[in-house]
Amino acid sequence: QVQLVESGGGLVQAGVSLRLSCAASGRSFSMNAMGWFRQAPGKEREFVALISWNSGSTNYAGSVKGRFTISRDNAKNTLYLQMNSLKPEDTAVYYCAASKYSFTMSTTVTGYDYWGQGTQVTVSS
């Protein structure tokens with residue numbers, strides 16, 4: 001199994017940047033496809049970004065493309081989400097997720113097997 005712990009969230013003003021981190025532990029982390037999701041109150045958990053096990057492929061939700069960058073450092077067992085030009089509509093709990101399969105590149109929550117506890121990002125106008 002993989003254990004995931006997010007950090008880096010906070011309360012910031014619109015236009016500010018944040019970098020979220022997700023520390024992973026467990027066997028075969030480097031072989032897992034990983035993603036970021038977010039969930040606002042009363043909303044479904046939605047896809048934000050994903051990255052393949054070797055960082056060869058990435059994908060982003062249209063609402064964040066050009067502003068957010070997903071990356072991973074397998075040597076440090078860490079997944080990142082660099083968030084620039086934050087907007088109030090980015091306010092949500094952000095979750096990192098990992099698939100137990102290296103080939104998975106899913107944009108849906110059902111495509112992932114392991115989840116962190118989430119970190120709150122609040123963007124004020």
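This is a predicted model, so every value here is computed, not measured.

Bringing the overall build of the chain into the picture now. Looking only at helices and strands, the chain has 0 helices and 11 strands in total. For the chain, the sequential pattern of α-helices and β-strands runs β-β-β-β-β-β-β-β-β-β-β. For a compact globule of 125 residues, the expected C-alpha radius of gyration is about 14 Å, and the chain comes in at 13 Å, within 12% of that figure. In terms of overall dimensions, the chain has C-alpha extents of about 40 × 25 × 25 Å along its principal axes. When the 125 residues of the chain are sorted by exposure, 43% land in the buried category.

So, about the sheet that holds strand S7 (residues 68–73). Strand order in this open sheet of 4 strands is S1-S3-S8-S7, and the pairing throughout is antiparallel. In this open sheet, the two edge strands, each paired with only one partner strand, are strand S1 (2–7) and S7. The mean inter-strand angle of the sheet, taken between neighbouring strand axes irrespective of direction, is 15 degrees. Here strand S3 (residues 18–26) pairs with strand S8 (residues 78–83) via 6 bridges, running antiparallel. Bridged to Cys22 within S8 is Leu79.

Counting residues in each nonpolar core, the largest one holds 33 residues, and the members touching the most others are Leu4, Trp36, Leu81, Met83 and Tyr94. Elements with a minimum of two residues in this core: S1, S3, strand S4 (34–39), strand S5 (46–51), S7, S8, strand S9 (92–98) and strand S11 (119–124). Discounting chain neighbours no more than four positions away, the residues touching Tyr94 are Glu6, Leu20, Trp36, Phe37, Arg38, Val48, Phe68, Leu81, Met83, Gly118, Thr119 and Val121.

Attention now moves to the pattern of salt bridges. Inspection of the entire model under this criterion finds 3 salt bridges. The residue Arg38 makes a salt bridge to Glu46 at a minimum N-O spacing of 2.8 Å. Salt-bridge contacts for Arg67 lead to Asp90; the nearest nitrogen and oxygen are separated by 2.8 Å. In this pair, Arg67 is assigned in the loop between strand S6 (58–60) and S7 and Asp90 in the loop between S8 and S9, connecting sequence segments 23 residues apart.

With respect to the element layout, Ala98 can be found in strand S9. Since its relative accessible area comes to 0%, Ala98 is described here as buried. Sequence separation between Ala98 and Trp115 is 17 residues, and the spatial gap between their C-alpha atoms is 6.6 Å.

Moving on to the side chain of Ser21. Within the secondary structure layout, Ser21 lies in strand S3. The class of Ser21 is buried, set by a relative accessible area of 15%. The residues contacting Ser21, other than those within four sequence positions of it, are Val5, Glu6, Ser7, Trp36, Thr78, Leu79 and Tyr80.

Rules behind the numbers
Residues numbered from 1 in each chain as written. Predicted model: local features only at pLDDT ≥ 70, side-chain atom pairs only at ≥ 80, totals over all residues. Heavy atoms only, no water. Helix = DSSP H or I, 4+ residues; strand = E, 2+ residues; numbered from the N terminus. Rg over C-alpha atoms; globule rule 2.2 N^0.38 Å. Buried < 20%, exposed > 50% of the residue type's maximum accessible area, 1.4 Å probe, protein only. Pairing = 2+ DSSP bridges. Axes fitted to C-alpha atoms, helices over the stretch in contact; angles between N-to-C directions. Core = buried A, V, L, I, M, F, W, Y, C linked by side-chain atoms within 4.5 Å. Contact = heavy atoms within 4.5 Å. Salt bridge = Lys/Arg side-chain N within 4 Å of Asp/Glu carboxyl O.

Worth remembering: the numbers are spatial, not functional.
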